[in-house]
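Here is how the chains run, residue by residue.
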Amino acid sequence: MNSVEEIQQDIIEEFEFLADDRESTIFYIMELGQKLPAMDESLKTEENIIKGCQSKVWLTSDYKDGKVYFTADSNTDITKGLISLLIRILSGQTPDTILNTELNFVEKIGMSQVIGSQRSNGFNAMIKQMKLYALGYRAKAQVNK
Amino acid sequence: MEAAIKQSSLDIAAIRAQFPVLKQEVNGYPLTYFDNAATSQKPLRVIEALNQYYSAYNSNIHRGVHTLAEKATNAYEATRNSLQKFINANEKEEIIFTKGTSESINLVAATYGRQNISEGDEIIITGLEHHSNIVPWQMLCEEKGAILKVVPVSNQGEINLDDFKALLSDKTKIVSVAFASNALGTINPVKQIIEAAHKIGAVVLLDAAQAVAHLEVDVQALDCDFLAASAHKMYGPTGVGFLYGKRHLLEQMPPYQGGGEMIKEVTFEKTTYNDIPFKFEAGTPNIADIIAFSEAIGFINELGKENIRVYEDALLDYATQKLTAIDKVKLIGTAQHKVGVLSFIFEGMHPFDVGMMLDARGIAVRTGHHCTMPLMEQFGLEGTIRASFAVYNTFEEIDTFVASLTKIANRIK
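Just so you know, these numbers come straight off a predicted model, no measurement behind them.

Concerning the overall build of chain B
- Helix and strand counts for chain B come out as 15 helices and 17 strands.
- At 22 Å, chain B has a C-alpha radius of gyration in line with the 22 Å of a compact globule built from 413 residues.
- Principal-axis analysis of the C-alpha atoms gives chain B an extent of 75 × 55 × 35 Å.
- Looking at chain B as a whole, 57% of its 413 residues qualify as buried.
- Excluding contacts between residues fewer than 6 apart, the proportion of contacts in chain B whose partners are at least 24 apart in sequence is 71%.
- As displayed, chain B offers around 16,800 Å² of accessible surface, 50% of which is attributable to carbon and sulfur atoms.
- Taking the average location of the 37 positive side-chain charges in chain B and that of its 49 negative ones, the two points are 2 Å from each other.

Focus: helix α13 (residues 351-360) of chain B
Residue and element names in this part refer to chain B.
- Among the ten residues of α13, nine are classified as buried, and the element is accordingly described as predominantly covered.
- Looking at α13, one finds that the buried residues are Pro351, Phe352, Asp353, Val354, Gly355, Met356, Met357, Leu358 and Ala360.
- Looking one or two residues beyond α13, the residue adopting positive phi is Gly362, at roughly 80°.

Overview of the interface of chain A and chain B
- Across the boundary between the two partners, chain A contributes 16 residues, which contact 16 residues of chain B.
- The largest share of the area that chain A buries against chain B comes from Arg22, Glu23 and Phe27 of chain A, three residues that together contribute 42% of it.
- There are three salt bridges connecting chain A and chain B.
- Measuring nitrogen to oxygen at the nearest pair gives 2.7 Å for the salt bridge that ties Glu23 of chain A to Arg361 of chain B.
- Counting across the chain A and chain B interface gives eight residue pairs in polar contact (both at pLDDT 80 or more).

Side note on the packing of helix α3 (residues 44-57) of chain B against helix α4 (residues 67-86) of chain B
Residues and elements named next belong to chain B.
- It is the contact of α3 with α4, at a shortest axis distance of 10 Å, that shows an interaxial angle of 160°. Relative to α4, the element α3 is oriented roughly antiparallel. Read as a crossing pair, α3 and α4 show a hand that is left-handed. Contacts between α3 and α4 involve Tyr53, Ala56 and Tyr57 from the first element and Leu68, Lys71, Ala72 and Ala75 from the second.
- A class-by-class count of the residues in the contact of α3 with α4 yields six nonpolar, no polar and one charged.

Focus: the packing of helix α1 (residues 4-17) of chain A against helix α3 (residues 77-90) of chain A
Residues and elements named next belong to chain A.
- It is at 8 Å that the axes of α1 and α3 come closest, and there the two elements cross at 145°. Touching Val4, Ile7, Gln8, Asp10, Ile11, Glu14 and Phe15 of α1 are Leu85, Arg88 and Ile89, all from α3.
- Looking at the contact of α1 with α3 residue by residue, the classes come out as six nonpolar, one polar and three charged.

Description of the domain arrangement of chain B
All names here are of chain B.
- As far as domains go, chain B holds domain 1 (2-30 + 305-411) and domain 2 (47-302).
- Here domain 1 and domain 2 have C-alpha centroids that lie 28 Å from each other.
- If you look at the interface, domain 1 gives 33 residues, while domain 2 gives 31 residues.
- Roughly 2,500 Å² of surface becomes buried between domain 1 and domain 2 when both sides are summed, with 60% attributable to carbon and sulfur atoms.
- Contact with domain 2 buries surface across domain 1, with Lys305, Val339 and Leu375 losing the most and accounting together for 27% of the total.
- Run the count over domain 1 and domain 2 and you get zero salt bridges.
- Where domain 1 touches domain 2, the interface holds 16 residue pairs in polar contact (both at pLDDT 80 or more).
- Of all the secondary-structure elements, those providing two or more residues to the side of domain 1 that touches domain 2 are α12 (305-324), β14 (341-346) and α14 (373-378).
- Ranked by residue count, the leading element in the side of domain 1 that touches domain 2 is α14, at five residues.
- Here the residues of the side of domain 1 that touches domain 2 sort into 18 nonpolar, ten polar and five charged.

Thoughts on the sheet that holds strand β16 (residues 366-368) of chain B
All names here are of chain B.
- Strand order across the open sheet formed by four strands is β13-β14-β17-β16, with antiparallel pairing between neighbours. Two strands close off the open sheet at either side, each with one partner strand: β13 (329-332) and β16. Geometrically, the sheet is characterised by an average inter-axis angle of 30° between neighbouring strands, direction not taken into account.
- Inspection of the sheet shows β16 paired to strand β17 (residues 384-388) by three bridges, in the antiparallel sense. Residue pairing for β17: Gly368 is matched across the bridge by Thr384.
- The strands that α12 touches are β13 and β14; relative to β14, the one it contacts most, it runs at about 10°.

Considering the sheet that holds strand β9 (residues 226-230) of chain B
Residues and elements named next belong to chain B.
- Strand order in the open sheet made by the seven strands is β4-β10-β9-β8-β7-β5-β6, with mixed pairing throughout. Where the open sheet ends on each side, the last strands, each with one partner, are β4 (95-98) and β6 (147-151). Averaged over all neighbouring strand pairs, the angle between strand axes comes to 20°, with direction disregarded.
- Of the pairings in the sheet, the one linking strand β5 (residues 122-126) to β6 comprises five bridges and is parallel in character. When the sheet's bridge partners are listed, Ile124 is paired in β6 with Lys149.

Scoring rules and cut-offs
Residues numbered from 1 in each chain as written. Chains lettered and ligands numbered in written order. Predicted model: local features only at pLDDT ≥ 70, side-chain atom pairs only at ≥ 80, totals over all residues. Heavy atoms only, no water. Helix = DSSP H or I, 4+ residues; strand = E, 2+ residues; numbered from the N terminus. Rg over C-alpha atoms; globule rule 2.2 N^0.38 Å. Buried < 20%, exposed > 50% of the residue type's maximum accessible area, 1.4 Å probe, protein only. Contact = heavy atoms within 4.5 Å. Areas by Shrake-Rupley, 256 points an atom, 1.4 Å probe, with all protein chains shown as cover. Lys, Arg positive; Asp, Glu negative; His and termini not counted. Charge placed at Lys NZ, Arg CZ, Asp CG, Glu CD. Buried area = accessible area lost by both parts, 1.4 Å probe. Salt bridge = Lys/Arg side-chain N within 4 Å of Asp/Glu carboxyl O. Polar contact = N/O pair within 3.5 Å; in protein donor to acceptor, adjacent residues only side chain to side chain. Axes fitted to C-alpha atoms, helices over the stretch in contact; angles between N-to-C directions. Parallel < 35°, antiparallel > 145°, perpendicular 65-115°, else oblique. Left-handed = near helix turned anticlockwise from the far one by under 90°. Nonpolar A, V, L, I, M, F, W, Y, C, P; charged D, E, K, R; others polar. Domains from an automatic or database assignment. Pairing = 2+ DSSP bridges.

Structure representation (structure tokens):
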């Protein structure tokens, strides 16, 4: 498994390739969304909806062998694409890594200019929710020690 | 298309030249502004009126003896006169300045509504309403124990007069309906609604936010009791709107807010209220924007409502025809009578995503529920993509729009 830094660097390079073409960038994000494995319908509960996103985003997580695995879905492909980027970086990492990772790719690829302020707020809500899951697992692991 | 242009006597290029905001590129493409139902752009004469007011005669209005106050007061009251003529009100005192349509409706609900609605009374709205014409009445019903009745909407996005009449009873006190729907463009049969409501003694408020810039609005011919609208949807400034009310109703209504301007005399024991319209205009109003509003009315008057309607109808017909030809597009709201609003969904793509793709090509549309969540629910939708037209839009812009949608459709195959 590559480190979070390496994955972020890969993403930055992929987006650099799209240069400043906003349309192509959006299509690329959409395509990433379409590739995200579908989430089991039973997991699309009110409880799993991330608050603060304008479109619907469901996020759940599992904790196995000290690592957190995320599953997510959305009713829009662009949003799915955005969360797939986060899953690519953070899923399969330890709670500590998730909590300590600075997601600097967001700024480097100029995400807020591409997706606009409303979706940026939603994107930040996704990151926050992933970190909250990690925080929960870390606390639980410490109690079980 | 050419036939449609010939029908219109308007010089669209000359009209466009009056709108500085239209002369720009967005994301490398010339701006195509199709979000006019949300807010229209402003012609230079409106922008200059604002500039002129602040540069030359900014002053608080009424009760000032100095020259600037006099000038500002005259300009402010001139807008009231323009509006009176614009909607053919009987008297200028029947025009109350507000922040916009929402405040106008809230004003009526909070004053006339509180005064006249009791437990068990009924208020009728339609399933097409904007949240602004739902929530104030819900609040009133909750406070008074009254009942909100909703006229159903057909799959075409129309209301049926018989359905409306079936809801009328001696309990009906207020009917509040949209002149034209912001989400679907449907023009409601308001004249017949008003006639039927009056027969059983109910008063009728028209939410004319989507009508004033596009349709002939004559409050005396319609015989509506109240009419609410916003300046910013009719080429005027934001933060300004008006309420029309029949004199005898406005006079019997209690004030909406307390403060300066709305009083005749104040002692610590008792306050007597000013006459209409000032009774409802507490505090220093939005003087600058109200003065500039007059220029927006002038702009519409110069073009002529009939000319505007003919041209916008041609735009709507052209766009409807072109959009229907795209496989993945499904129009939502196909009423027989519509203002220039095209609501649609795009198969296999969420409205937000379509909106973002169009923006990447410089095309501004609105996506989402358009503040009509109950209506969207009826169609089983979370939202639509909405293109809405104004008099400065062109057939070429519709071609660009359709070409972009076709390109997106091909790309997601």
